[in-house]
Structure formats: C-alpha cells, structure tokens
Amino acid sequence: EHGSGIAETADVVAALDALDALAVSRADDVPLFVVGYSFGAAVALRTVDPRIRAVVAIAPPLPTMPVDPPSVPVLVLTPRHDQYCPPDVAEPIVATWPDAEIDIVESADHFLVGHTTAVARHAVAWLSSLHS
C-alpha cells in the first residue's frame, strides 16, 4: 500500500532494525547509510533515525515531495535533464540544507539510462570519504 512517502519511512526503519538483528555483534561505530532513487530518495530524506549517518538521494522529486532539511550529511545526485526536478529547481532547495552537496549527472534524464554505474561509483566514493 502506498503511503505517500511518509508511511514508507517506517519501512526504512524496519530495514535498519533488521540489520541490527542480523548483526548482533555490530560495533556501534559502524555507520549505516541510506541511499534512495526518485521516490525512494524522498523517503530516504524523510526518514529520521539516529542510526542513519548519511543519505544519498538520487534524482529526488523535491517539488512534489518536499522534505525538511536533513540532520545528516546528504549527497544529492540530480540529472541534468531530470523531468521531475532539474538542477535549477533542486539547487536552491538543497542550498538551504546544513550539510548537503549537490552534484549534477551530466547528459542524463530522470531514469539515468547509461549512467547508473557512474552514479553508483560516485555515491560509494562520497560515502567512503565521509567515513574513511
């Protein structure tokens, strides 16, 4: 059932709970990150949980799913030709967030055809730089 991006945050918390249950001996200093694409990016940005250390939001539809400024570091990857939230719309929103950066995925539209490997590498590199 669709919960308009609000109820789905409970799914993210449940996933974090499942990770905790699987890794009973997990050290407290092991960071947990949330990465989402499109609707999932908005859900990731809306999820508040002390276990989340950073968020990567890929092509978030910020005009139709506004979010409060996140309290963790955020990387927003927005496609140059995104049909739902192009850079000129995303940049002023992300600029108001306290610990966020935005990078543009050149030559891509919302669906990132041909760009997914580069986006994944960028996300992993950014997350690695935060907690290396």
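Every value quoted in this text rests on a predicted model; they were computed, and no experiment measured them.

Parameters at a glance
- Residues numbered from 1 in each chain as written.
- Predicted model: local features only at pLDDT ≥ 70, side-chain atom pairs only at ≥ 80, totals over all residues.
- Heavy atoms only, no water.
- Helix = DSSP H or I, 4+ residues; strand = E, 2+ residues; numbered from the N terminus.
- Contact = heavy atoms within 4.5 Å.
- Areas by Shrake-Rupley, 256 points an atom, 1.4 Å probe, with all protein chains shown as cover.
- Lys, Arg positive; Asp, Glu negative; His and termini not counted.
- Charge placed at Lys NZ, Arg CZ, Asp CG, Glu CD.
- Salt bridge = Lys/Arg side-chain N within 4 Å of Asp/Glu carboxyl O.
- Buried < 20%, exposed > 50% of the residue type's maximum accessible area, 1.4 Å probe, protein only.
- Polar contact = N/O pair within 3.5 Å; in protein donor to acceptor, adjacent residues only side chain to side chain.
- Pairing = 2+ DSSP bridges.
- Axes fitted to C-alpha atoms, helices over the stretch in contact; angles between N-to-C directions.
- 1 Å grid on protein atoms, 1.4 Å probe; cavity = no way out; pocket = protein on both sides within 12 Å on 5 of 7 lines; lining within 4 Å.
- Points joined across faces, edges and corners; volume = space filled by probe spheres on them.
- Nonpolar A, V, L, I, M, F, W, Y, C, P; charged D, E, K, R; others polar.

### Notes on the overall build of the chain
Okay, so step 1: Across its full length, the chain carries four helices and four strands.
Okay, so step 2: Start at the N end of the chain and walk to the C end: the helices and strands fall as α-β-α-β-β-α-β-α.
Okay, so step 3: Principal axes of the C-alpha set define a box for the chain whose edges measure 45 × 35 × 30 Å.
Okay, so step 4: Taking as baseline every contact in the chain between residues at least 6 positions apart, the subset at least 24 positions apart corresponds to 53%.
Okay, so step 5: Carbon and sulfur atoms provide 58% of the accessible area of the chain, an area that totals close to 7,200 Å².
Okay, so step 6: Across the chain, the mean location of the 6 positive side-chain charges is 5 Å away from that of the 17 negative side-chain charges.

### Observations regarding the pattern of salt bridges
Okay, so step 1: Counted according to the given criterion, the structure contains four salt bridges.
Okay, so step 2: The shortest N-O distance in the salt bridge between Asp17 and Arg51 comes to 2.9 Å. One end of the pair, Asp17, is in helix α1 (residues 8–22); the other, Arg51, is in the loop between α2 (39–46) and β2 (52–58), with 34 residues separating them in the sequence.
Okay, so step 3: Here Asp49 and Arg51 are joined by a salt bridge, their closest N and O atoms 2.9 Å apart.

### Some words on the side chain of Thr47
Okay, so step 1: With respect to the element layout, Thr47 can be found in the loop between α2 and β2.
Okay, so step 2: Since its relative accessible area comes to 8%, Thr47 is described here as buried.
Okay, so step 3: Within polar-contact distance, the side chain of Thr47 engages the backbone oxygen of Val43 at 2.8 Å.
Okay, so step 4: Discounting chain neighbours no more than four positions away, the residues touching Thr47 are Thr9, Val12, Val13 and Ile52.

### Thoughts on the sheet that holds strand β4 (residues 100–109)
Okay, so step 1: The four strands lie next to each other as β1-β2-β3-β4, forming an open sheet whose pairing is parallel. Across the chains shown, the open sheet's two edge strands, defined by having one partner strand only, are β1 (32–37) and β4. Recorded for the sheet is a direction-independent mean angle of 15° between the axes of neighbouring strands.
Okay, so step 2: Across four bridges, β2 lies against strand β3 (residues 74–81) in parallel orientation. Bridged to Ala57 within β3 is Val76.
Okay, so step 3: Together, β1, β2 and β3 form the strand contacts of α2, whose direction differs from that of β1 by roughly 145°.
Okay, so step 4: Sheet contacts for helix α4 (residues 116–130): β1, β2, β3 and β4; angle to β2, the most-contacted strand, approximately 155°.

### Some thoughts on the side chain of Thr78
Okay, so step 1: Secondary-structure assignment places Thr78 in strand β3.
Okay, so step 2: Not counting residues within four places of it along the chain, the set of residues in contact with Thr78 comprises Cys85, Pro86, Pro87, Ala90, Ile102, Asp103, Ile104 and Val105.

### Some words on the layout of surface pockets
One water molecule sets the probe size; rolling that probe over the atoms shows where empty space is left.
Okay, so step 1: Taken as a whole, the largest pocket encloses approximately 190 Å³ of empty space.
Okay, so step 2: What lines the largest pocket is a set of 15 residues, and nearest its centre among them are Leu45, Thr47, Val48, Pro70 and Ser71.
Okay, so step 3: Counting only elements with at least two residues in the lining of the largest pocket, the list comes to α2 and β2.
Okay, so step 4: Looking at the lining of the largest pocket residue by residue, the classes come out as ten nonpolar, two polar and three charged.

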